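Fold and geometry: a report
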Amino acid sequence: MPWLKNCWYQVAWGEELSDSASLARTVLDTPLLLFRDAGGAPAILRDTCPHRFAPLSAGRVAGGVVRCNYHGLVFGSDGRCVHNPHGPVTGRMRTTAYPVVERHGAIWVWLGEADAADPALVPDLAFLDRAPPQTSIRGHMPTACNYQLLTDNILDLSHTDYLHPDTLGGMMTGARTTVQEAPGRVAIEWFAADREPSAAYRALLPGGARADKWIEVAWTAPAILVLRTATTAAGVAWREGDLTATVHSMTPETRFTTHYFYNNVRYFRVDDATFHAALGANIFKAFALEDKPMLEMQQARMGTDDLLGLKPLLLPIDSAAIRVRRQLAAMIAAEQDSEPVEVEAPQPA
Amino acid sequence: MPWLKNCWYQVAWGEELSDSASLARTVLDTPLLLFRDAGGAPAILRDTCPHRFAPLSAGRVAGGVVRCNYHGLVFGSDGRCVHNPHGPVTGRMRTTAYPVVERHGAIWVWLGEADAADPALVPDLAFLDRAPPQTSIRGHMPTACNYQLLTDNILDLSHTDYLHPDTLGGMMTGARTTVQEAPGRVAIEWFAADREPSAAYRALLPGGARADKWIEVAWTAPAILVLRTATTAAGVAWREGDLTATVHSMTPETRFTTHYFYNNVRYFRVDDATFHAALGANIFKAFALEDKPMLEMQQARMGTDDLLGLKPLLLPIDSAAIRVRRQLAAMIAAEQDSEPVEVEAPQPA
Amino acid sequence: MPWLKNCWYQVAWGEELSDSASLARTVLDTPLLLFRDAGGAPAILRDTCPHRFAPLSAGRVAGGVVRCNYHGLVFGSDGRCVHNPHGPVTGRMRTTAYPVVERHGAIWVWLGEADAADPALVPDLAFLDRAPPQTSIRGHMPTACNYQLLTDNILDLSHTDYLHPDTLGGMMTGARTTVQEAPGRVAIEWFAADREPSAAYRALLPGGARADKWIEVAWTAPAILVLRTATTAAGVAWREGDLTATVHSMTPETRFTTHYFYNNVRYFRVDDATFHAALGANIFKAFALEDKPMLEMQQARMGTDDLLGLKPLLLPIDSAAIRVRRQLAAMIAAEQDSEPVEVEAPQPA
């Protein structure tokens, strides 16, 4: 499967994993079991007992270890068997433990070469840590499409005018856009001047006022997008306090299903519970009731084909998405080329 | 897929398509969007936006054009983009428009070579136009089997005695049959004399009277069957006024699912609402509750195999169906042989 | 599909087939129709009309014959057509009839070479016939896993301590085991001394008493297991009157689904209706609510791969299961090698 392997993928939000519970989730076709060790740190094991392939997630997690519910083998957070009720523990008794980091409120897993799993490579989402916590709106939305369709969706926000006209959209068509590209990063900036404000942000302006909207979407590999946006009265420059920022973090579950994690924070109306609730409802409507069905229908129409293989009619608004697809394809190709090739030993003549 | 392409397929009944609504329907594995243009004429587009493959049927049809709900491209009834909110319209911005004819109450689509789409080739079902409209009983019944099983079903009406004993059947076993074949046409005539009448037509006769039944089923390619039948008191010759006539129009949705369209009209008891309601109930019972499950079970038993490939035990009652299958197979083979073969240009030496 | 063909498979319990009803069931991917002939003996036909492949089970069974509901052909218990409403009966009008035996309360079918179908080869489960009938607890549990996973499950009862701790388990971990193997037979004996009794058998002992448990599980090909067990007060040798005995009879429906038939009888508390009801509830909980989901999850994790091909971590407790798998694989290979090879006739030069 054409996935980037040597990178961190978000697998959950931290609060999805309590101290006492475990969580089963598939990433890159790999079934994973998440739980917390005795110290509260997250652990991620392959969710399969090596004995008879029962899912460990059907077992019992307690005290930082997991007991398989079929024949009672117990595994620690490093994947090693710590108890075999039927005889001695041997070194072969282990399941795979994956490198894991908890950072920026999220739990990250590394499915590539374990030696390369450098925590410094976790995407920098420190803005989430610094934002007023009471403004946080976040979720996990499983979506039945390839993860790149979700990336494309955020990289072309002109869709908001047509798919989300009553909430987040209505200002983007014809906006001035600038795309910037560097190795490992693509960013697109949008500026729309003097328009009817989007419904979700109308409360920020005096009644009947027209608005400017600024948006920047920045991608980092494999599929992390940070969107920052400000809506101000027309002609008024935005300041930091006008910003809302959202991470859109796409993790492939399978080739045609994706874990879509999102987290929105803001620096205005910080303690306005009414605005907070309305914004949450608008985001839910746009993401779950409008984006998700559209993306799933798009995938259904595409079947098992790749988007570019189907020769879509590309428009200038696709520029950022296409650059991202090209960079990612090159990164995946480079990673695959660099994989150690198994060479068969010469046969005796 | 072994389908006849250069012919008209019924895709809907006209009343399924109001002036304000659209209809999404798949024919020969091709997703179609049906709507009416500003003049009320039906239009059929490929139901896929050429930009990012969103279904146009998820968009909005108004004023004879359809707007994609994902990024707002607007397409006219000829498939050409008539509005691009994000820049100029170019000639490459188009989706496929298919030839369409509305005739005999039905909407017909041509999925083969557009140049060959001659409206004169629409099957002649003018009897539907001339019949008393208040006698019309029609429907669209999606059925999970190959369309040829539905054709076979109508071409061997002996099944009605076993599958529809309480409604339409009971008179056919041992009836005298005559099969006539000409290029592009197969017809089978049935005559059963002096029998207990079928339940659905018992009201036409005096209590306890025995009946004669005459039926003719005529096939035209690819899968249009016109059935005419008269039930009279035993020994009484039928006249035009005794007839009921039904078109059975089978349109492949996919290889193993079919749109079954039917329309029954009659020339007796024209204004008898009680008889009309009872006949409608009998037809619904026979088609939807008896034929459909049997055909779907038959398909399930056959899996992905072809009927003749499975070497069925053929009986004389299969004669018409087998002739139809042979003619159709020859027509499909001829069409495929005549397709322009793509010849690669010679490579420079 | 790697199945042993020349052997008897249980297809139903006798009481599942009343004199007036029929039963459709698939065994080794073969759809079967079961009914009783005029004398009450079970008959098994391929559940497909040879005419147009309608399932005969959708027809009507009466008087020991079955009438297809599509065109009315009637077949007898030997598979031959006994009535063709549309013309003469010929020798080619037949569906396959399979050898069938009703014995030990079960109906057995032979899907291999009919000439080899010796009733003497039906597994000897005469203990079922001799047991007090009021103690019988039996069922048919369709399970979405390969039949060999069900065999493995019974051959390693250590799982009961982890999967059925509240009912049948709790005594097996660390029990002394002995495996005996002979051609066509593998048996494993367990003995656990001086433990807390399993919940299901606690009522057999004085309050608070500790228990010994003896179990023997004996396999015969392809997938018949007889389990005999006795729970006694610690240090007290078991006698015949302490025994409960269960047949576990696994019949493949498809490669990844199985008919699991079980029948438990006992020689104690024979007329104790309260104990009988509690034991039935315990068995249902263990089999249907615990084994079945675990086995189905195990199969889901394995996908379409074979257990041994996935290189499981084998433990000493797997010894009996592995011996059974090896014997069965050898029997299947021998059967396939002995199949007459179709040699093409030499072509005229």
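Calculation criteria
Residues numbered from 1 in each chain as written. Chains lettered and ligands numbered in written order. Predicted model: local features only at pLDDT ≥ 70, side-chain atom pairs only at ≥ 80, totals over all residues. Heavy atoms only, no water. Helix = DSSP H or I, 4+ residues; strand = E, 2+ residues; numbered from the N terminus. Rg over C-alpha atoms; globule rule 2.2 N^0.38 Å. Buried < 20%, exposed > 50% of the residue type's maximum accessible area, 1.4 Å probe, protein only. Contact = heavy atoms within 4.5 Å. Areas by Shrake-Rupley, 256 points an atom, 1.4 Å probe, with all protein chains shown as cover. Lys, Arg positive; Asp, Glu negative; His and termini not counted. Charge placed at Lys NZ, Arg CZ, Asp CG, Glu CD. Buried area = accessible area lost by both parts, 1.4 Å probe. Salt bridge = Lys/Arg side-chain N within 4 Å of Asp/Glu carboxyl O. Domains from an automatic or database assignment. Polar contact = N/O pair within 3.5 Å; in protein donor to acceptor, adjacent residues only side chain to side chain. Nonpolar A, V, L, I, M, F, W, Y, C, P; charged D, E, K, R; others polar. Disulfide = S-S within 2.5 Å. Least-squares fit on C-alpha atoms with pLDDT ≥ 70 in both. Pairing = 2+ DSSP bridges. UniProt positions renumbered as here; feature names shortened; annotations may be inferred. Axes fitted to C-alpha atoms, helices over the stretch in contact; angles between N-to-C directions. Parallel < 35°, antiparallel > 145°, perpendicular 65-115°, else oblique. Left-handed = near helix turned anticlockwise from the far one by under 90°. Phe/Tyr/Trp six-rings, centres within 6.5 Å; stacked < 30°, edge-to-face > 60°. pLDDT = per-residue confidence, 0-100.

This part covers the overall build of chain A. Broken down by element type, chain A carries 5 helices and 18 strands. The C-alpha radius of gyration computed for chain A amounts to 23 Å, which stays within 12% of the reference 20 Å derived for 349 residues, consistent with globular compactness. Principal-axis analysis of the C-alpha atoms gives chain A an extent of 75 × 55 × 35 Å. Relative to its 349 residues, chain A shows a buried fraction of 53%. Look at the contacts in chain A between residues 6 or more apart in sequence, and 57% of them connect residues 24 or more apart. Per element, the accessible surface of chain A, about 14600 Å² overall, is 53% carbon and sulfur. Taking the 31 positively charged and 39 negatively charged side chains of chain A as two groups, their mean positions are separated by 3 Å.

The next subject is the interface of chain A and chain C. Taken together, the contact between chain A and chain C spans 22 residues of the former and 23 residues of the latter. When residues of chain A are sorted by the area they lose upon contact with chain C, R52, F53 and Y70 of chain A head the list and together hold 37% of the total. Inspection of the region where chain A meets chain C yields 3 salt bridges. The partner of R52 of chain A in a salt bridge is D152 of chain C, and the shortest N-O contact between them spans 2.8 Å.

Let us look at the domain arrangement of chain A. The parts lose accessible area when they come together, and the size of an interface is often stated as this lost area. Residues and elements named next belong to chain A. Under the domain assignment used here, chain A contains domain 1 (8-121) and domain 2 (127-334). The C-alpha-based centres of domain 1 and domain 2 are spaced at 32 Å. Each partner contributes to the roughly 1300 Å² buried at the junction of domain 1 and domain 2, and carbon and sulfur atoms together form 57% of this total. When the buried area of domain 1 at its contact with domain 2 is split by residue, Y9, Q10 and W13 rank highest and sum to 41% of it. Our enumeration of links across domain 1 and domain 2 arrives at 1 salt bridge. Here E15 and R138 are joined by a salt bridge, their closest N and O atoms 2.6 Å apart. Joining domain 1 to domain 2, the criterion identifies 10 residue pairs in polar contact (both at pLDDT 80 or more). The leading source of residues in the side of domain 1 that touches domain 2 is strand 1 (residues 8-13), at 6 residues. Here the side of domain 1 that touches domain 2 is composed, by residue class, of 8 nonpolar, 4 polar and 4 charged.

The next thing to look at is the state of the cysteines. Such a bond, covalent and formed between the sulfur atoms of two cysteines, is termed a disulfide. Here the structure, examined in full by the defined rule, presents 0 disulfides over all chains. With no disulfide partner, C81 of chain A has as its closest neighbouring cysteine sulfur the one in C49 of chain A, 8.2 Å distant. Free cysteine C145 of chain C: the closest other cysteine sulfur is in C68 of chain A, separated by 15 Å. Owing to a relative accessible area of 0%, C145 of chain C belongs among the buried residues under this scheme.

Right, let's get into the relation of the copies chain A and chain C. For the match of chain A to chain C, the screw axis carries a shift of 0.0 Å, the RMSD comes to 0.0 Å, and the turn is 120°. Here the copies are linked by what is in effect a three-fold axis. The C-alpha atom lying nearest the rotation axis in chain A is that of T304 of chain A; the distance is 12 Å.

Think of a sheet as strands paired side by side through backbone hydrogen bonds, with each pair either parallel or antiparallel. All names here are of chain A. Spatially, 4 strands are ordered 2-3-4-9 in an open sheet, and the strand pairing comes out antiparallel. Every other strand in the sheet has two partners, leaving strand 2 (23-27) and strand 9 (97-98) as the edge strands with one partner each. Across 2 bridges, strand 4 (residues 42-46) lies against strand 9 in antiparallel orientation. Residue pairing across strands places I44 opposite Y98, the latter belonging to strand 9.

Residue and element names in this part refer to chain B. Pairing between strand 13 (residues 176-182) and strand 14 (residues 185-195): 7 bridges, direction antiparallel. Bridging across to strand 14, T178 finds its partner in E189. Counted between consecutive antiparallel strands, the loop separating strand 13 from strand 14 contains 2 residues, among which G184 sits at a positive phi close to 85°.

With that settled, consider the UniProt feature "domain: Rieske" (unreviewed entry) in chain A. On the UniProt side, "domain: Rieske" (unreviewed entry) is annotated at positions that read residues 8-109 of chain A here. Annotation note: span residues 8-109 of chain A, helix share 0%, strand share 43%, distance between end C-alpha atoms 5 Å.

What follows concerns the interface of chain B and chain A. Residue-level contacts link 21 residues of chain B with 23 residues of chain A. Three residues, R52, F53 and Y70 of chain B, lead the burial of chain B against chain A; their summed loss comes to 37% of the area buried on that side. The interface formed by chain B and chain A includes 3 salt bridges. At the junction of chain B and chain A, the tally comes to 8 residue pairs in polar contact (both at pLDDT 80 or more).

Residues and elements named next belong to chain A. In this structure, E216 sits in strand 15 (residues 211-220). Among the residues examined, E216 registers a relative accessible area of 19% and is labelled buried. Once residues lying within four places of it in the same chain are set aside, the contact partners of E216 are R185, I188, E189, V226, L227 and R228.

Counting across every chain of the model gives 48 salt bridges over all chains. Its salt-bridge partner being D272 of chain B, residue R269 of chain B comes within 3.3 Å of it at the nearest N-O pair. The class for D272 of chain B is partly exposed, based on a relative accessible area of 23%. Between R52 of chain C and D318 of chain B there is a salt bridge whose closest N-O contact spans 3.0 Å. Taken together, the residues span two chains, with R52 of chain C in the loop between strand 4 (42-46) and strand 5 (60-62) and D318 of chain B in the loop between helix 4 (273-302) and helix 5 (319-338). Residue class for R52 of chain C comes out buried when judged on its relative accessible area of 4%. What makes D318 of chain B buried here is its relative accessible area of 1%. Here the salt bridges do not stand alone but share partners, grouping R52 of chain A together with D152, D318 and R325 of chain C into one network.

Topologically, H71 of chain A is positioned in the loop between strand 6 (65-67) and strand 7 (74-75). Judged by relative accessible area, H71 of chain A falls into the buried class, the value being 3%. Within polar-contact distance, the side chain of H71 of chain A engages the side chain of D156 of chain C at 3.2 Å. Apart from the residues lying within four places of it in its own chain, the contact partners of H71 of chain A are H51, R52, P85 and H86 of chain A together with D156, S158, H159, Y162 and I317 of chain C.

Next up on the list: the environment of A300 of chain C. Assignment of secondary structure puts A300 of chain C in helix 4 (residues 273-302). Distance in space between the C-alpha atoms of A300 of chain C and C145 of chain C is 8.1 Å, their sequence separation being 155 residues.

For the rest of this paragraph, the subject is the sheet that holds strand 2 (residues 23-27) of chain C. Residue and element names in this part refer to chain C. Taken in spatial order, the 4 strands make up an open sheet running 2-3-4-9, and their pairing is antiparallel. Edge positions in the sheet fall to strand 2 and strand 9 (97-98), since each has one partner strand and no second. Pairing geometry for strand 3 (residues 30-36) and strand 4, over 5 bridges, is antiparallel. In the sheet register, L34 faces strand 4, and the bridge partner there is I44.

As a further point, take the packing of helix 2 (residues 147-155) of chain C against helix 4 of chain C. All names here are of chain C. Running from N to C, helix 2 and helix 4 point in directions that differ by 130°, and their axes come no closer than 10 Å. The angle between the axes of helix 2 and helix 4 places the two elements in the oblique class. With respect to the hand of their crossing, helix 2 and helix 4 are arranged in right-handed fashion. Together, L149, L150 and N153 of helix 2 and D291, L295, Q298, Q299 and M302 of helix 4 make up the contact between the two elements.

Residue and element names in this part refer to chain B. This model, assessed by the stated rule, comprises 21 aromatic pairs over all chains. Taking the centre distance of 5.2 Å and the plane angle of 65° together, the rings of W8 and W110 count as edge-to-face. You can see W8 sitting in strand 1 (residues 8-13) and its partner W110 sitting in strand 11 (residues 106-110), a full 102 residues away along the chain. Across the pair, W110 and W8 agree in class, each one buried.

Residues and elements named next belong to chain A. Taken as a whole, chain A shows an average pLDDT of 95; of its residues, 97% reach a score of 70 or greater. Low pLDDT (under 50) marks residues 344-349, which in the prediction has 0 contacts with non-local residues, meaning those over four places away or in another chain. As scored by the predictor, the complex reaches a pTM of 0.93 and an ipTM of 0.92.

Here we come to unusual backbone geometry. The omega angle of the peptide bond from A221 of chain A to P222 of chain A is -5°, so this bond is cis rather than trans. Mapped onto the elements, P222 of chain A comes out in the loop between strand 15 and strand 16 (224-233). Of note in the backbone geometry, L28 of chain B takes a positive phi value of approximately 50° without being a glycine. Among the secondary structure elements, L28 of chain B is positioned in the loop between strand 2 (23-27) and strand 3 (30-36). At F53 of chain C, a position not held by glycine, the phi torsion is positive, near 70°. Inspection of the secondary structure assignment puts F53 of chain C in the loop between strand 4 and strand 5.

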